[in-house]
Amino acid sequence: MVTQISQTQAVPLQTEAVREVVSYDPATGEELGRVPLGSAEDVARAVARAREAQKSWGTLSFRERGALVMRARAVVLEELEEIGALISREAGKPEAESLSMELVPTLDLMQFFARRSARLLKPETIDIGLYRFLGRSSKIVYRPLGVVGIISPWNFPWAIPLGEVVMALMAGNGVVLKPSELTPLVGLKIGEVFRRAGLPEGLLEVVTGDGSTGQALTEAGVDKIMFTGSVATGRRVAEAAARRLTPVVLELGGKDPMIVFEDADIEAASSAAVWGAFANSGQACASVERCYVHERVVEEFTARVVEKTRALRQQTGASEGTDVAAMSSERQLRIVEEHIREAVSRGARVLAGGARWKDAPERGTFHEPTVLAGVNHTMDVMREETFGPVLPLMSFKTEEEAVRLANDSQFGLTASVWTRDITRGRRVAERIEAGTVMVNEVLYTHGIAQTPWGGVKQSGLGRTHGRLGLLEMVAPQHIHVNRLARLHDAWWFGYTPEATRLFRSLARRFATGSALQTMLISPQLLRRLLDKRRRH
Ligand code: NAD
């Protein structure tokens, strides 16, 4: 039940009863297609094929690998409209966002890693301090890992897995991708694009399925797991990986704070809050999920946010001019409803939205963009990931209080600070516990291929994107060369009383790292080296 690339190729490879995943359009409930639900055997076969194909791929130059990624990029450009429409239909988002938040960033990412991976992974000489005076040198070379398993979510079904696929391939790896069960067709499209570009068969395997398929991938002996999803699943993935000592990168949830100081550009900050909270129906790990506004500007800021939220156009993703479309699933929608209900029952006020969109198609899963006031940190809406179109606003008095509120969270993915004083922005940014802190910006830095992406605390481990992300896809190998091999090392056997005296001197002089100090013991060292040579 491994689907090699396209949906039309989704042929079960086994004779047992075919289990399927059905893909729906969340805006209408209409069925979009069916794909196989991959079994553990399917996953194992996919890993074996990727491992085989990787052997020659790993020997290619960066230029050769990059040429292939650029061909895949050309295929994406050829099919831009079709891919954009598919993402929009399967994930429920406006077509404008499929373009701006999924396709534009990945087209940029593809050219960046295709052209720059050679430089980013160039072998590096290490300064080994005083050891170089002993004729030694050290280099780091970056080798492919082998096969990278990628498990991805539904909220950015194209941008998240595609970026990781490109980084893994450029680093010389084979890949097995398990897309979300809510967006398997987009996952298959990624495979199809690379197949059309001429990627060697088996090098990128797309195995559709659900959590059981993902779990099988964590147990299939891949060389690294790149997981993006919820904290609960991330923990399960980490446990499974730990049993085999498989390294993992975990890109998990967020509860990202936005701090608006009294000197911020209120017009820009209010638009940023509305976009940061409601883009993709608030289903971004880096969505603005909590907004803290200085008490001097909270009234003006709130009024503008409410006005701008009411002006948003909610329609299906395919309709022209849609700002906010569907949510991905009924399950996700219910979490949003529950967070709002709980907050309101404890005193929060709904300033805009607050309910399912009443004009939605019958089986569509839409929720109105919602602004809340009167919230506090005892409420789920300020503590748990809502992952929906909800923007809770809270005021603060001092910088100290704003930082404390921002850090009062189990998560630490991104944060944003709004002020005209960039020095203050940087100062506050450095005090916030988050993988990325933006000053006068929100949400979008996953779209910058050059910058690292990842969180602290429960938001995850490791990084994707940028050089740090590319380094997750390689095994650094240290190569150490001794050009004075004729001289036996001073610390080898022959632990004579003179040797012990020398070791004491090494502890006092050489281990200071000072060339001057070491020169003082060079006669002693030289005697030992020559003596050892005489003895052998
Ligand atoms: P999820 O954890 O339910 O599923 C993610 C993937 O894991 C899916 O492909 C799923 O099939 C698979 N899976 C489920 N059980 C598994 C298991 N036991 N072993 C291995 N794989 C398994 O998450 P989701 O609902 O698809 O995505 C939403 C979550 O993702 C949110 O919490 C969001 O914050 C997070 N997210 C994080 C980032 C980031 O970069 N930090 C980006 C996007 C989404």
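All of these numbers come straight from a predicted model, not from anything done at the bench. (Residues numbered from 1 in each chain as written. Predicted model: local features only at pLDDT ≥ 70, side-chain atom pairs only at ≥ 80, totals over all residues. Heavy atoms only, no water.)

Participant: Residue-level account of the pattern of salt bridges, with values.
Facilitator: Within this structure, the stated rule accounts for 38 salt bridges. Between Glu 82 and Lys 189 there is a salt bridge; the shortest N-O distance is 3.0 Å. With Glu 82 in helix 3 (residues 80-91) and Lys 189 in helix 6 (residues 184-197), this residue pair connects regions lying 107 residues apart in the sequence. On the basis of relative accessibility, which here comes to 48%, the residue Glu 82 falls in the partly exposed class. Taking the relative accessible area as the measure of exposure, Lys 189 reaches 7% and is therefore buried. A salt bridge links Glu 399 to Arg 427, with the nearest nitrogen and oxygen atoms 2.8 Å apart. Here Glu 399 is found in helix 13 (residues 399-407), whereas its partner Arg 427 is found in helix 14 (residues 422-431), with 28 residues between them in sequence. Judged by its relative accessible area of 18%, Glu 399 falls in the buried class. The exposure class of Arg 427 is partly exposed, given its relative accessible area of 44%. Several salt bridges share partner residues, and in doing so they unite Glu 78, Glu 79, Glu 82, Lys 189, Glu 192 and Arg 196 into one network. (Salt bridge = Lys/Arg side-chain N within 4 Å of Asp/Glu carboxyl O. Helix = DSSP H or I, 4+ residues; strand = E, 2+ residues; numbered from the N terminus. Buried < 20%, exposed > 50% of the residue type's maximum accessible area, 1.4 Å probe, protein only.)

Participant: Now, about the sheet that holds strand 19 (residues 460-461): what can you tell me, with residues and values included?
Facilitator: Pairing in this open sheet of six strands is mixed, and the strands run 7-6-5-8-9-19 from one edge to the other. Each edge of the sheet is formed by a strand with only one pairing partner; in this case those strands are strand 7 (204-206) and strand 19. Across five bridges, the pairing between strand 5 (residues 147-151) and strand 6 (residues 174-178) is parallel. Within strand 6, the residue paired with Val 147 across the bridge is Gly 174. Against the sheet, helix 1 (residues 40-57) contacts strand 5, strand 6 and strand 7, and its axis sits at roughly 155 degrees relative to strand 6. Contacts from helix 5 (residues 159-170) reach strand 5, strand 6, strand 7 and strand 8 (224-228), with the element oriented near 165 degrees to strand 6. (Pairing = 2+ DSSP bridges. Contact = heavy atoms within 4.5 Å. Axes fitted to C-alpha atoms, helices over the stretch in contact; angles between N-to-C directions.)

Participant: Account for unusual backbone geometry, with residues named and values stated.
Facilitator: Within the chain, Asn 280 stands out as a residue other than glycine whose phi angle is a positive 55 degrees. You will see that Ser 281, though not glycine, has its phi angle at about 55 degrees, which is positive. We classify Ser 281 as buried; its relative accessible area is 2%.

Participant: Which residues make up the site of the ligand, and what values go with them?
Facilitator: What surrounds the ligand is a group of 28 residues, the closest being Lys 178, Glu 181, Ser 230, Leu 252 and Glu 385. A distance of 2.8 Å separates an oxygen atom of the ligand from a polar atom in the side chain of Trp 154. Here an oxygen atom of the ligand and a side-chain polar atom of Thr 233 are 2.7 Å apart. For the ligand, whose free accessible area comes to 850 Å², the fraction covered by protein is 92%. (Near = heavy atom within 4 Å. Polar contact = N/O pair within 3.5 Å; in protein donor to acceptor, adjacent residues only side chain to side chain. Areas by Shrake-Rupley, 256 points an atom, 1.4 Å probe, with all protein chains shown as cover.)

Participant: Any chance you could break down the packing of helix 2 (residues 62-78) against helix 4 (residues 95-120) for me, citing the residues and the numbers?
Facilitator: The geometry of helix 2 relative to helix 4 is characterised by a closest axis approach of 8 Å and an angle of 165 degrees between their N-to-C directions. With respect to helix 4, the axis of helix 2 lies roughly antiparallel. Both helix 2 and helix 4 take part in a crossing whose hand is left-handed. For the pair formed by helix 2 and helix 4, the contact residues are Phe 62, Gly 66, Val 69, Met 70, Ala 72, Arg 73, Val 76 and Leu 77 on the first element and Leu 103, Leu 107, Met 110, Gln 111, Ala 114, Arg 115, Ser 117 and Ala 118 on the second. Residues of the contact of helix 2 with helix 4, tallied by class, amount to 11 nonpolar, three polar and two charged. (Parallel < 35°, antiparallel > 145°, perpendicular 65-115°, else oblique. Left-handed = near helix turned anticlockwise from the far one by under 90°. Nonpolar A, V, L, I, M, F, W, Y, C, P; charged D, E, K, R; others polar.)

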